[in-house]
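Notes for the structure review
Each chain, letter by letter, is given below.
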Amino acid sequence: MADRRIIYMDHSATTCVRPEVMEAMAPYHAENFGNPSSLYSIARNSRNAVETARAQVAAALGASPDEIYFTSGGSESDNWAIKGIAFANRKKGDHIITTKIEHHAVLHTCYYLEKQGFSVTYLPVDQHGLVNPADLETAITDRTILISVMFANNEIGTIEPVAELGAIAKKHKIPFHTDAVQAIGNVQIDVNAQNIDLLSLSAHKFSGPKGVGALYIRKGTKIDNLIHGGGQERRRRAGTENIAGIAGLGKAIEMATSDIEAHNRKIRLLRDRLLDGILKTIPYSHLNGHKEKRLPGNINISFEFIEGESILLWLDDAGICASTGSACTSGSLEPSHVLLATGLPAGISHGSLRLTLGEVNTDADVDFVLEVLPDVVSRLRKMSPLWKGEKGSGA
Amino acid sequence: MYSDKVMDHFKNPRNVGEIENADGVGEVGNPVCGDIMNISIKVENNIITDAKFKTFGCGAAIASSSMATELVTGKTLEQAWDLSNKAVVEALNGLPPQKVHCSVLAEEGIHKAINDYRRKQGLEPWVEKNLPAHDHEEMTCGT
């Protein structure tokens, strides 16, 4: 398999670390290995690396550096934001509002809090995956202590009206958290203009390393710690800092947000050609998510009469990396909670394919997928008992 | 995650299709659970002379149907009825635990096709020993 060409179209799952990021991380493994909490000079270098990265993250979000806290990734940031706010404000209230389409790091944290006595409202979404701000307004009670709505959905790529939702939260003086793991580098973020009080991010989604992320916490926000221990991160998050990871995160976010417009133009052009090509050549295929309000690299399509895992196996055979909302890859038999929330029937949700493009993709990649995919779909349809031929098919 | 045998039967499925004028047909599963198998058989002198399948489902579902049709061809109806999902899993050199239900579905599909044949012959259908993999009445998905 040495010469096998790999076409990576799963950038929402993770990304390849940029060489510049690896370079930024390199000095902090063996050379500058000092513990930033120590006094000697090699430790000072480590401390400087952390503070440089903090400034880089702050600049990317329009925040102040002392509002940025490094974590082990998106899941920890989401857990910290939600549990930290919930437990710190328990005397004020016990109601949390989120949505049905959140990442499991948010959803499962909310399920846990329900077991701890909190009540949670899961806002619905429309067929494109959009939250209706009026629904948020209606859901707020005098017991509401937190609102958490993701910036952009990881499966269908829908970009939520975060600024508007944040304004509603602000009006009611309720902290507003957003899981922006998929949004960084794809959407302009300004925590002040968009009324965001807490924001989760993860380095490996924007060409940084795995295992490192950050939580933005607006100054004055009442929040408990999640990780207790030493006095790192201004006594908010214990544990010796992942210096190399943090340095990599800083460099990666700086590069990812330096020219979002140019990045989007390039990726969207490739994405739209691929999307149009698929919809044109493959009958009974439907785009999931919103046509315009979607992440530039995201394609999520349902192919009727076939199942997603078998599509992925054939694509993998051709060297194409993609993902699906079908249950069959997850171990449960329920298809994607996001697709179901948009009202897509379960049978069709099983036949969904997610292709997420990134900087590494080329026109040749798009051509290759357009060459391979129609054959894969038609091969699987021919062996599907639901397929009655192009004219006679009805689900 | 799949054995080479599963991948072989997924990529080169044996016996795909529907037998015209089949002597028995069984369709099991439902789209909500993400897998449907349609199995048709030809029977001569109590022996399954041909078996074909059409499957909507994952790699394991397609491989299980392919293997099951291969295993029952040439068998008597009694032998085919006794073919368990375990035999399908073994012949495929194993399935991941969460995919074992695909082999159960294949067993059910074969049973349903055999009973369809028996009914057409005016014979009593044989009784299933095990619970079905999917509860069709309530449209819930089980393992």
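Nothing here was measured: the structure is a model prediction, and the numbers come from that model.

Cut-off values and rules
Residues numbered from 1 in each chain as written. Chains lettered and ligands numbered in written order. Predicted model: local features only at pLDDT ≥ 70, side-chain atom pairs only at ≥ 80, totals over all residues. Heavy atoms only, no water. Pairing = 2+ DSSP bridges. Helix = DSSP H or I, 4+ residues; strand = E, 2+ residues; numbered from the N terminus. Axes fitted to C-alpha atoms, helices over the stretch in contact; angles between N-to-C directions. Domains from an automatic or database assignment. Contact = heavy atoms within 4.5 Å. Buried area = accessible area lost by both parts, 1.4 Å probe. Salt bridge = Lys/Arg side-chain N within 4 Å of Asp/Glu carboxyl O. Polar contact = N/O pair within 3.5 Å; in protein donor to acceptor, adjacent residues only side chain to side chain. Phe/Tyr/Trp six-rings, centres within 6.5 Å; stacked < 30°, edge-to-face > 60°. Buried < 20%, exposed > 50% of the residue type's maximum accessible area, 1.4 Å probe, protein only. Lys NZ or Arg CZ within 6 Å of the ring centre and 35° of its normal.

Residue and element names in this part refer to chain B. Read from one edge of the open sheet, three strands run S1-S2-S3, paired in antiparallel fashion. Where the open sheet ends on each side, the last strands, each with one partner, are strand S1 (24-30) and strand S3 (47-56). Pairs of neighbouring strands in the sheet enclose a mean axial angle of 15 degrees, with direction left out of account. Alignment of strand S2 (residues 35-44) against S3, held across nine bridges, turns out to be antiparallel. Its bridge partner lying in S3, Met-37 is registered against Thr-55.

Residues and elements named next belong to chain A. According to the domain assignment, chain A contains domain 1 (7-15 + 259-388) and domain 2 (19-256). Domain 1 and domain 2 are separated by 28 Å when their C-alpha centres are compared. With 24 residues of domain 1 at the interface, the matching set in domain 2 holds 32 residues. Surface buried jointly by domain 1 and domain 2 totals about 2,300 Å² across both partners, of which 51% is contributed by carbon and sulfur atoms. Contact with domain 2 buries area across many residues of domain 1, yet Ile-260, Leu-295 and His-337 alone supply 26% of it, more than any other trio. The interface formed by domain 1 and domain 2 contains zero salt bridges. Linking domain 1 with domain 2 are 18 residue pairs in polar contact (both at pLDDT 80 or more).

A few words now on the sheet that holds strand S10 (residues 298-303) of chain A. All names here are of chain A. Judged by pairing direction, the sheet is antiparallel, and its three strands sit side by side in the order S9-S10-S12 without closing on themselves. Two strands in the sheet have a free side with no partner beyond their single neighbour: strand S9 (285-287) and strand S12 (352-356). Across the sheet, the mean angle separating the axes of adjacent strands is 25 degrees when strand polarity is ignored. Where S10 and S12 come together, five bridges link them in antiparallel fashion. The partner of Ser-302 across the bridge, within S12, is Ser-352.

Within the structure shown, the criterion is met by eight aromatic pairs over all chains. Ring centres of A:Trp314 and B:Phe10 lie 5.4 Å apart, and the angle between their planes is 35 degrees; this geometry places the pair in the tilted category. You can see A:Trp314 sitting in helix H10 (residues 308-317) and its partner B:Phe10 sitting in helix H1 (residues 4-11), one on each of two chains. No difference in accessibility class separates A:Trp314 from B:Phe10, as the two residues are buried. The ring of A:Phe368 has A:Arg5 sitting right over it, with the charged end atom 5.5 Å from the ring centre. Taking NZ or CZ as reference, A:Lys83 lies 5.1 Å from the ring centre of A:Tyr112, over its face.

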